[in-house]
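Tertiary structure, described
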Amino acid sequence: MSVNKYSKMGFPKEYGLYDPNNEHENCGFGFLANINNEPKHEIVHQALEIVHNLDHRGAVGADPLAGDGAGILIQIPDEFFREEFINSEIQLPEIGSYGVGMVFLPSNVKRAYLGIKAIEKAIINEGQELIGWRDVPVDKKVLGNTVKDNAPLIKQFFVKIGKENLSESQFQRKLYVIRKQSLSILENINNNKVVDWDDFYIVSLSTRTIIFKGMVLAPNLSKFYIDFQKKNFKTAIALFHQRFSTNTFPSWRLAQPFRYLCHNGEINTVKGNTNWMNARRFSMSSEVLKDDLKKIWPIIEKSPSDSATFDNALELLVMGGYSLPEAMMLMIPEAWKNNLLMDPKRKSFYEYYSALMEPWDGPAAMAFTDGIQIAATLDRNGLRPARYVITDDDLVIMSSEVGVIHNIPEHKIVKKWRLQPGKMLLVDLNQKRIISDEELKNDIVNIHPYENWIKNSKVSLSAITYETNKVPPEDSLLLDLQQAFGYNKEDLKFFLEPMIIDGQDPIGSMGRDIPLAALSDKNRMLYDYFFQTFAQVTNPPIDPIREELVMSLMSFIGPRPNLLDPKSGGKQKLLEVSQPILSNNDIEKIKRIENHTSGALKAQTISICYDKKNNSKLKFDELLKTICTSIEDLITKKTCNIIILSDRDVNNEQIAIPALLATSAVHHHLIKKGLRTKVGLVVETGEARRVHDLCLLAGYGAEAINPYLAFYTLSKIIRELPEEISEEEAYDKYIKSVTKGMLKVMSKMGISTYQSYSGAQIFDAVGLSSKLVDKYFCGTSSKVEGIDLEEIQKETENRHELAFGNSPLLLNDLDVGGDLSFRIRGEEHVWNPETIGTLQHAVRSANYNTFKKYSKKINDHSIKLKNLRGLFDFSKKTKPINIEDVEPVSEIVKRFATGAMSLGSISTVAHTTLAIAMNRLGGRSNTGEGGEETSRFKPLPNGDSMNSRIKQVASGRFGVTTEYLSNATDIQIKMAQGAKPAGGGQLPGGKVNDFIAKIRHSTPGVGLISPPPHHDIYSIEDLAQLIHDLKNVNPKARVSVKLVSEIGVGTVAAGVSKAYADHVTISGNDGGTGASPITSLLNAGGPWETGLAETHQTLVMNGLRERIAVQVDGGLRTGRDVVIGAILGADEFGFATAALISEGCIMMRKCHLNTCPVGVATQDPELIKNFTGQPDHVVNFFVFIANEVREIMAGLGISKFNDLIGRRNLLDFGGAEQHWKAHGLNLNKLIVPLEKENNEEFFNSRNQDHGLEKALDNLLIKKCKQSILNKKKISFKSKIVNTNRTVGAMLSGVIAKKYGHNGLPKDTIKIDFEGSSGQSFGAWLAKGISFNLEGDANDYVGKGLSGGIISVFPHRKSKISPEDNIIAGNTLLYGAIAGECYLNGVVGERFAVRNSGATAVVEGCGDHGCEYMTGGVVVILGKTGRNFAAGMSGGIAYVLDEDNVFESHCNKSMVELEKLSDFKNSEKHTTKEIQTDLLDFDVSRLKLIINRHFKYTKSPKAKLIIDNWDKYLPLFLKITPYEFKRALNERKQRLLINKDLPIKIAGE
Amino acid sequence: MGKTTGFMELDRVERSYEPAEDRIKHFKEFLIPLDPKEVSKQGARCMDCGIPYCHQGCPVNNLIPDWNDMVYNNRWKEALDLLHSTNNFPEFTGRICPAPCEASCTLNITDNPVAIKTIECSVVDRGWEEGWIKPQISSKKSDKKVAVIGSGPSGLACAQQLARAGHSVVVFEKNERIGGLLRIGIPDFKMEKTLIDRRMSQMKLEGVEFRVNSHVGKNVSMEELNNEFQAIAFCGGSEHPRDLPVEGRELKGVYFAMEFLSQQNDRVSGKTINSEIEISAKGKNVLVIGGGDTGSDCVGTSNRQGAKSVTQLELLDQPPEKEDKALTWPNWPMKMRTSTSHQEGCERNWSVLTKSFEGKDGEVSKLNCVKVEWIKSDDGRMKMSEIKGSEFSFEADLVLLAMGFVHPIHEGLIKQLGVKLTSVGNLEANDTKYQTSVNKFFAAGDSRRGQSLVVWAIKEGRQCARSIDEFLIGKSDLPN
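Residues numbered from 1 in each chain as written. Chains lettered and ligands numbered in written order. Predicted model: local features only at pLDDT ≥ 70, side-chain atom pairs only at ≥ 80, totals over all residues. Heavy atoms only, no water.

As a further point, take the overall build of chain A. In terms of regular secondary structure, chain A is built from 48 helices and 54 strands. For a compact globule of 1548 residues, the expected C-alpha radius of gyration is about 36 Å, and chain A comes in at 32 Å, within 12% of that figure. Dimensions along the principal axes, computed over C-alpha positions, put chain A at roughly 95 × 90 × 75 Å. For chain A, the residues scored as buried account for 70% of the 1548 residues in total. By element, 50% of the accessible surface of chain A is carried by carbon and sulfur atoms, the whole surface being about 48,700 Å². Here chain A contributes 187 positive and 184 negative side-chain charges, whose respective centroids are spaced 3 Å apart. (Helix = DSSP H or I, 4+ residues; strand = E, 2+ residues; numbered from the N terminus. Rg over C-alpha atoms; globule rule 2.2 N^0.38 Å. Buried < 20%, exposed > 50% of the residue type's maximum accessible area, 1.4 Å probe, protein only. Areas by Shrake-Rupley, 256 points an atom, 1.4 Å probe, with all protein chains shown as cover. Lys, Arg positive; Asp, Glu negative; His and termini not counted. Charge placed at Lys NZ, Arg CZ, Asp CG, Glu CD.)

Right, here's the structure in full:
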């Protein structure tokens, strides 16, 4: 459809599954500032040049001229305006006394007129004076076709101070009100009749700044705004922004910068933050805004952009009296809670404000300005790149990349540095200087006595003395209560019991195959209707274990102080808990908190129970209404300031409203009434017990939760355990387990603090009616409708009746459950003895009739509903054709692939059986994460091949060598996995046998951690970069991105398509796993049906469909599944569990225990003997599926598979009228009609344009032709700039394809570069290639390094001292396998992350150095950031610790520190020994490496150290992981016994 | 789960038997129970499968992995409760069930299955020993009365469940003792009858009334029942035996297996058999026709009576010694099964069709047989044909026909009621409602299902009870 039909300003309205609220954006950004505040014309053009040179960080959609938006924010060009008005009547007062408004008006003249009038009215209303209007001259020729039609009319208006004598800041506040009021006036024109004013947008209105932005490609911005050409158009500063959005809809208002800032990143908690802002409506007052405060609602403007929302909130704080940097510190605080090194005053500042404002959490690099101060900051995680240089003529250039202005001479640069996590860089134009983070924050934190305030106001729950506990229930009552709250045996067996033994959220395996809650015949808990959402692509998940320092579970309970009145500080008592799970004693303390706070805090318990006898009369909605209004009453009467919602009263007569429903209802009611921050909300419930339950209560507003029944249950469990555990210990372990689990769930979305998680609603509802959701879970997405309040009440009352009734089965025992393992009376499972047995018999006997029996059973939804697709029927309106006319089986099977299963998770024979089968069919098998033996790349003598055509690249990058990549047909970037999206993983040391270690390039016996995020993908433009990297290594391979279904996945997929992925996989949450927290396995992600349909719809609406292949997987089992998948929009299909079952898997769900009895998912040689699968079995399965597909196609009258894809009219939604719960479901949104955009096909019909021809490597390959062919040595020079990305990868790919991992002889190819390299310099550089770069480098140097040598050193003309300046960016040597890297300077965060075997030297590094490293040797000749060696399981590092501070920067949970002087400095050993025995020869090794560093870089520091060896040696520390040391020692012992055993260490 | 790696470390150990030469000297049970410690260890072999195939393989869906774990952790009492939650009479099935659960056990794919039956039996035997098994007297009483016709395993299970749901239940048994085939058909050496008595006392205390010698349709009229009871469950079994209508069938010495077996059970119970009707294998060449469990019971009984020789004939081909598990598991496989009775001495012949009996003085002396072969026909079914020239004969003094049962006896009640029958002559009712074409008349067990296992009878009895409960009250708390 044409987007114009849907919106005036670009975004379509919600349609089908598409929802504009799911759009994301990331980008290149930064600022320029002349420190001396000298306005210059060239700054405008320099800013534009940077935007242009960050082009690769933006994106182009279907329309090549329509970018995603670019813009600059500058100082008001006062001189320019004055000269513009010289011949007019307009007279400008002096700068600071007038404001300029930049406005996008509707293109419709009448509407534009109304807009102008509204502004003018607002100016008069606020007592100010309009000076005049100016048409902004633009050149529309540079606009793309899709943008032209809805380009706004752009005007400027000028306002001056009215009669009152206002200061500049007072005037600015008036301008703020004018801007806000203009829209209100417009919206009220037709007597409140809702008219959408999307196309009216005041871009900026300020006395100091003005914004020029638009839907144009960066280079065209200066052509579009003709003013830019005028020489008198000057500014001393500029914020600039290049946007990469996940859509192609031209949305002018969403181009950045916004009024105060531009942002690279994503605010994950924006839903919660918005709610909390609204919640403050009536608890805020401001001395400076006074009554104007009422005129600015809604504070948060309607916008799908998190950055715009953030800007709105920031603006309020600034208007409310905070300074800009102070406001930024409130909204994006540093990680203060666990930081022992932070100044106590600063800590107090953060602690104080944490009660006033929950962090706006998520990756954020922000540049911001008010025209006088210009600054940039990074959030606590520091996940976005931000580099800056300062020149000798006082220009500061801060940007996502270095080298963005190509003609700045090196000798003019006096400083090169980067923004560090949580730090701020600020240029003050009044003071004409840079104010350091330290000084700036020091000043701010000393404005008020925050330490005292906290001392006076903070009440710590743990400090309160013990209260009397309630008497625990007798066993029989306990059982009734458990049943009333829906406990079953699995709660005990799989959750509570393991938790108190292992102290962690329990692990399970294989996928979910039970029905969605709304399809189930059982009384499901309300929690089951919600699925956790998670970060994929547009923002990264966090590792809450290894990066614990940024995480915090601290919560405040109680009313919040007035956000806009910092002076009242310290008056409001604040109850603090270190984590939100309250013990049964804690809750008693809170109930009596009045006694401990002299009445300052007072709790009131509100029962959420109702009398059974009246239940025919009482409906949930009335009950909830009563609860909400009575609480509202309590608050307005100031009776209490902490509300405890409690279901303690449950008994035979009393039924509890589900705690989640009550919590969310109350939370939202109080938000709507603007009362939420006047009161604390605590939930005392018997219902919550699992991590998911607790997360939901938190996500919908609870500040703390007391799961009392879980504790009572634990007390009973410990009585029956064979091992002795005290009650106290059991409770502690339980709290530890669930809070760890909660951190994991939070971090899946990239959220670090409980305070921002609370109320953030990071869930999708599946199977709840929108009526219900809109009323009680407002803001949550629910796309397929479903049950209503009545059904929830029915389920609740059924449970209660069973609990207190006479069912003999429940008299003495809990219900069996059966979600996790099949039980006849339990939940329905698609995989059961019958279906598995029949399928295996069918494929083993090659009997299609038996297969049909299997598929009939799977597809049968007449008795039990199993999944959403079961509710669809094939259309009967089409005319069948002969089956002979349908595309043959041999063609259809090419669309099939087996799922990603790693060699660690399944046995080699199970893995190769799948590969052989898929290769025989012409389908594809998938390596899974963790590499593949190189021997498999060659065909077998009998013509079979064990080479998996899909090579997966996961976050661990294990075994991802250049050779591996160059042997792929498809390269799949695993962003997420159905069973554990955003989860990361861990392969324990016990499972890393010699074989696994070999293919993963690690050390046997040493555990391997896969981080939750790809450390080179924190945003969509990063993904584009990785796609580009991989495409360079192997231009022939399709690059695929694997996503998991959740609401909004379609917009992510659109972004992925724009990032030039050739292929995208949408996985359902039913997908399997070898090991995953059960919380994730059951409760994260959504069904593939909705994810796939949304993806297809969004791609089609964006005109991006035909350039990408869409694959679906996650629980596909029959031909019917395939056809429905195709109709919903899939080109290709992945099968994992069904394929495994075909080769013998029987769904033991024991993969994580290594005890698979049929030899499929085990590494135990004895058990592997039991494997009986044959490639033929798998071949049979796929042929049967294809047969069935053909039968259905014939029935539908479709001969070509492509004609099936996206043909929504072939499906009817039948509904489930008969089912007591499912009757409310509606899947029609999945099959809404779509119009083809520009006649694009509904299926993958063309290739992406990767622009590889622009790669510098083409030239390099040409020059190195002889070297590649004949191994002839060559060396030459080359210039390089930041737009030369991924240099070396294509060259390396060519070499690896020809020579494998061994590459070329050392130094065959030597290239000397000069300049600033683009990202991924030397990525996957193959053995035999040396890159020397004179200048500096951006992020990802040496990513996947596969044997090459890289050195980077400052330009010979540079005057900076290398060890004090930055030489290369973040995430260097990520997943490096082998090779060397010498960096003459300091580098950014995550240096050598997941290094497997490279040797590297650097002269200082940022936070998280050597994170997840498994091998190799790293030398740091300078300071490190915090959290060094987190998750480091292998390899060693040497750190020069001159200031004796390293220990406090090191994460010592996995490593030990030793002084080098303890080692003997024997010189009598060979280089080979030095290189291979990492337990010894340290001194020689270190010296050898530093010498090489000097050889490559001429580092002055290296020279100093070598020249003063005896002085420096004692200052070195050796960092060795414990596990690594143990494994190497064991290996040594084995070697002594068995001389033939090779010493095998990482990287060799 | 018992022990993660238990199945890799421990071998299957089962109950052992008294040596054949000793046990054939008496009619008592000869199973030697396993030491409880060993039973516990056997529990550790269970893998607690994600899909416990045993649990579906078991007709009553015993929660096998769960009680295996409990037994391993010495939580016997809980194991017992759990066992009883799906099975009213585990001591019966623990002895005489062919254990389809063990065939479905995951360990049966490559190894020996978990000794499920042994564990089950140990749990319930221990329960009786410890006095844990007590009457479960319903706390609420309904005003409904239900009649259960027949006191075999399905009738008993049905009656017990209904009584526990609070209904007044009367069991009508045409014989003078309660138990149906359990009592009269199954030899004591497989299951001693005191086990039934023990359950009866439990049931009596739970409120079940037993009326023996009450043959509904004969000495008790259906009208009486209709007046007195709000629902009637027919659990009369499938008693009509399959006959062999060939020449010489009328000869003396040719009997139905059940005539022979019930007489022996009577004898064991202390009843004196009238010599005129007495059937004895002592000193005789016994020929058992039919290769199933009943045939096997005839073999064991004949040996105990002192037969001269025992020969068993089976019409079908000899099944393979080992099944092709790839194509059978987790289903019940066709394979060669050798029972304890077979081990006690017996010649087995397969693919044999009996053509005629010959006799002397009206007494059977010889069987004329022919070899047959089975060939798959075009429609996929196996078809039998006689092999020409393969005729041969057996000496025989006693011939026992154990060829199964075709349907319930139609004469009497069933005909009187005019209840709808299936094409093969069983009572028509589905396996969720168990309701026949006649109002408030339900059917369960072999009479509905056709001849089957005791464990199936229990399952049907339980489910039928639930359906009746629902019929009477409108809903039911009884498990399905």
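Broken down by element type, chain B carries 21 helices and 18 strands. For 480 residues, the compact-globule formula gives about 23 Å, and the C-alpha radius of gyration of chain B, at 23 Å, lands near that figure. Dimensions of chain B, computed from C-alpha atoms along their principal axes, come out at roughly 65 × 65 × 50 Å. Residues classed as buried in chain B amount to 57% of the 480 residues present. Sequence-distant contacts, at least 24 apart, represent 68% of the contacts inside chain B between residues at least 6 apart. Accessible surface for chain B amounts to roughly 20,200 Å². Of this, 48% is attributable to carbon and sulfur atoms. One way to put it: in chain B the 62 positive side-chain charges average out to a point 3 Å from where the 67 negative ones average out. (Contact = heavy atoms within 4.5 Å.)

Turning to a nonpolar patch on the surface, a few remarks are in order. On the surface, Leu-315, Leu-316 and Met-384 of chain B cluster together to form a nonpolar patch covering roughly 220 Å² of accessible area. Within the secondary structure, Leu-315 of chain B sits in the loop between β10 (309–313) and α17 (325–328). (Patch = residues over 30% accessible without salt bridge, like charges linked within 9 Å, V, L, I, M, F, W, Y side chains within 5 Å. Salt bridge = Lys/Arg side-chain N within 4 Å of Asp/Glu carboxyl O.)

Here the focus is the interface of chain A and chain B. Contacts between the two partners involve 39 residues from chain A, matched on the other side by 40 residues from chain B. When the buried surface of chain A facing chain B is broken down by residue, Arg-823, Arg-825 and His-841 of chain A rank first, second and third, together holding 18% of it. In this structure, Arg-823 of chain A and Asp-48 of chain B form a salt bridge, with 3.8 Å as the shortest nitrogen-oxygen distance. In this assembly, chain A and chain B are joined by 13 residue pairs in polar contact (both at pLDDT 80 or more). (Buried area = accessible area lost by both parts, 1.4 Å probe. Polar contact = N/O pair within 3.5 Å; in protein donor to acceptor, adjacent residues only side chain to side chain.)

Moving on, we get to the nonpolar core. Residue and element names in this part refer to chain A. One finds Phe-530, Tyr-734, Phe-896 and Leu-1043 to be the most contacted residues of the largest nonpolar core, which totals 305 residues. The dominant element in this core, judged by the number of residues it contributes, is helix α39 (residues 1175–1196), at 12 residues. If near-sequence neighbours (up to four positions away) are discounted, Phe-530 is found in contact with Leu-660, His-692, Leu-696, Tyr-700, Phe-763, Asp-764, Ala-765, Leu-768, Phe-777, Thr-780 and Asn-1083. Grouped together as the second largest cluster of nonpolar side chains are 81 residues, Leu-48, Ala-70, Phe-228 and Met-398 included. (Core = buried A, V, L, I, M, F, W, Y, C linked by side-chain atoms within 4.5 Å.)

Further remarks concern the sheet that holds strand β5 (residues 153–160) of chain A. Strand pairing within a sheet occurs via backbone hydrogen bonds; the two strands may be parallel or antiparallel. Residues and elements named next belong to chain A. The strand order across the open sheet formed by four strands is β4-β5-β3-β6, and the pairing between neighbours is antiparallel. A strand with exactly one partner marks an edge of an open sheet, and here the two such strands are β4 (129–135) and β6 (201–206). Averaged over neighbouring strand pairs, the angle between their axes works out to 20° when direction is ignored. Sheet analysis places strand β3 (residues 98–105) next to β5, joined by eight bridges and oriented antiparallel. Pairing of Tyr-98 across the sheet is with Lys-160, part of β5. In this fold helix α3 (residues 109–125) packs onto β3, β4, β5 and β6, with an angle of close to 155° to the strand it touches most, β4. The strands that helix α5 (residues 168–187) touches are β3, β5 and β6; relative to β6, the one it contacts most, it runs at about 170°. (Pairing = 2+ DSSP bridges. Axes fitted to C-alpha atoms, helices over the stretch in contact; angles between N-to-C directions.)

Once that is clear, we can look at the side chain of Asn-312 of chain A. Along the chain, the position of Asn-312 of chain A falls in helix α8 (residues 306–319). With sequence-adjacent residues up to four places away left out, Asn-312 of chain A is seen in contact with Arg-179, Arg-259, Ile-299, Ile-300 and Glu-301 of chain A.

This part takes up the packing of helix α5 (residues 64–72) of chain B against helix α10 (residues 116–130) of chain B. Residues and elements named next belong to chain B. For the pair α5 and α10, interaxial distance at closest approach is 11 Å and the crossing angle is 65°. As α5 runs across α10, the sense of the crossing is left-handed. When α5 is examined against α10, the residues Ile-64, Trp-67, Asn-68 and Val-71 are found in contact with a partner set consisting of Ile-116, Ile-119, Glu-120 and Val-123. Of the residues contributing to the contact of α5 with α10, the split by class is six nonpolar, one polar and one charged. (Left-handed = near helix turned anticlockwise from the far one by under 90°. Nonpolar A, V, L, I, M, F, W, Y, C, P; charged D, E, K, R; others polar.)

Below, the discussion takes up the packing of aromatic side chains. Counted according to the given criterion, the structure contains 61 aromatic pairs over all chains. Ring geometry for Phe-310 of chain A versus Trp-360 of chain A: centroids 5.5 Å apart, planes at 85°, classification edge-to-face. Separated by 50 residues along the polypeptide, Phe-310 of chain A in helix α8 and Trp-360 of chain A in the loop between α10 (344–354) and β10 (364–369) bring together distant segments of the chain. In this structure Trp-360 of chain A comes out as buried when scored by relative accessible area, which is 2%. It is Arg-111 of chain A that lies over the ring of Trp-197 of chain A; its NZ or CZ is 4.2 Å from the centre. Stacked on the ring of Phe-189 of chain B, the Lys or Arg Arg-304 of chain B has its end atom at 3.7 Å from the ring centre. (Phe/Tyr/Trp six-rings, centres within 6.5 Å; stacked < 30°, edge-to-face > 60°. Lys NZ or Arg CZ within 6 Å of the ring centre and 35° of its normal.)

We now examine the pairing of strand β3 (residues 145–149) of chain B. All names here are of chain B. Taking burial as the measure, the five residues of β3 include four buried ones, the bulk of the element. Summarising the sheet, β3 and strand β4 (residues 168–172) pair through five bridges and their orientation is parallel. Residue Lys-145 lies in a different strand from β4, and its bridge partner there is Ser-168. At this point the chain moves from β3, through helix α11 (residues 153–164), to the parallel β4, and the crossover so formed is right-handed. Sheet topology note: the β3/strand β6 (residues 231–234) ladder contains four bridges and is parallel. (Right-handed = clockwise from strand over helix to strand, strands pointing away.)

Another point: α11 of chain B. Residue and element names in this part refer to chain B. For α11, with 12 residues, the first-to-last C-alpha span of 16 Å sits near the 16 Å given by 1.5 Å per residue. Summarising burial for α11: 12 of the 12 residues are buried, a large majority. If you check which residues of α11 are buried, you get Pro-153, Ser-154, Gly-155, Leu-156, Ala-157, Cys-158, Ala-159, Gln-160, Gln-161, Leu-162, Ala-163 and Arg-164. Among the residues trailing α11, Gly-166 stands out with phi positive, at a value near 100°. (Expected span 1.5 Å × (residues − 1).)

At the junction of Gln-256 of chain A and Pro-257 of chain A, the peptide bond is cis and its omega measures out at 5° in the coordinates. Here Pro-257 of chain A is to be found in the loop between β8 (237–245) and β9 (261–265). For the bond from Trp-329 of chain B to Pro-330 of chain B, the omega torsion is 5°, close enough to zero to count as cis. Tracing the chain through its elements places Pro-330 of chain B in the loop between α17 and α18 (340–343). The backbone phi angle of Met-510 of chain A is positive, close to 65°, even though this residue is not glycine. Take Met-510 of chain A: it is sitting in the loop between β18 (507–508) and β19 (530–532). By relative accessible area, Met-510 of chain A is classed as buried at 6%.

Here we take up the pattern of salt bridges. Under the defined criterion, the tally for this structure stands at 145 salt bridges over all chains. Linking Arg-1246 of chain A and Glu-1106 of chain A is a salt bridge whose minimum nitrogen-to-oxygen distance equals 2.7 Å. One end of the pair, Arg-1246 of chain A, is in the loop between β42 (1211–1213) and α40 (1256–1263); the other, Glu-1106 of chain A, is in the loop between α35 (1088–1101) and β40 (1109–1113), with 140 residues separating them in the sequence. Residue class for Arg-1246 of chain A comes out partly exposed when judged on its relative accessible area of 37%. The partner of Lys-433 of chain B in a salt bridge is Glu-470 of chain B, and the shortest N-O contact between them spans 3.1 Å. Pair noted here: Lys-433 of chain B is in the loop between α19 (413–417) and β18 (441–443) and Glu-470 of chain B is in helix α21 (residues 454–473), with a separation of 37 residues, a long-range link.

A word on the confidence of the model for chain A. Looking at chain A as a whole, its pLDDT mean stands at 92, while 97% of the residues score no less than 70. Counting interchain partners and residues more than four positions distant, the pLDDT-below-50 stretch residues 1541–1548 of chain A has 28 contacts. (pLDDT = per-residue confidence, 0-100.)

This part covers the confidence of the model for chain B. Summary statistics for chain B give a mean pLDDT of 95 and a share of 100% for residues scoring 70 or more. As scored by the predictor, the complex reaches a pTM of 0.94 and an ipTM of 0.95.

In this section: the environment of Pro-65 of chain B. Following the sequence through the fold, Pro-65 of chain B ends up in helix α5. For the pair Pro-65 of chain B and Pro-52 of chain B, spaced 13 residues apart in the sequence, the C-alpha separation amounts to 7.1 Å. The contact partners of Pro-65 of chain B, leaving out residues within four places of it in the chain, are Arg-823 of chain A together with Cys-46, Asp-48, Pro-52 and Cys-54 of chain B.

What follows deals with the environment of Val-159 of chain A. All names here are of chain A. Relative to the helices and strands, Val-159 is located in strand β5. A relative accessible area of 0% means that Val-159 is categorised as buried. Separated by 67 residues in sequence, Val-159 and Leu-92 have C-alpha atoms that sit 9.0 Å apart. With residues up to four places along the chain from it excluded, the contact list for Val-159 reads Ser-97, Tyr-98, Gly-99, Ile-123, Gln-128, Glu-129, Leu-130, Ile-131, Phe-171, Leu-175 and Leu-205.

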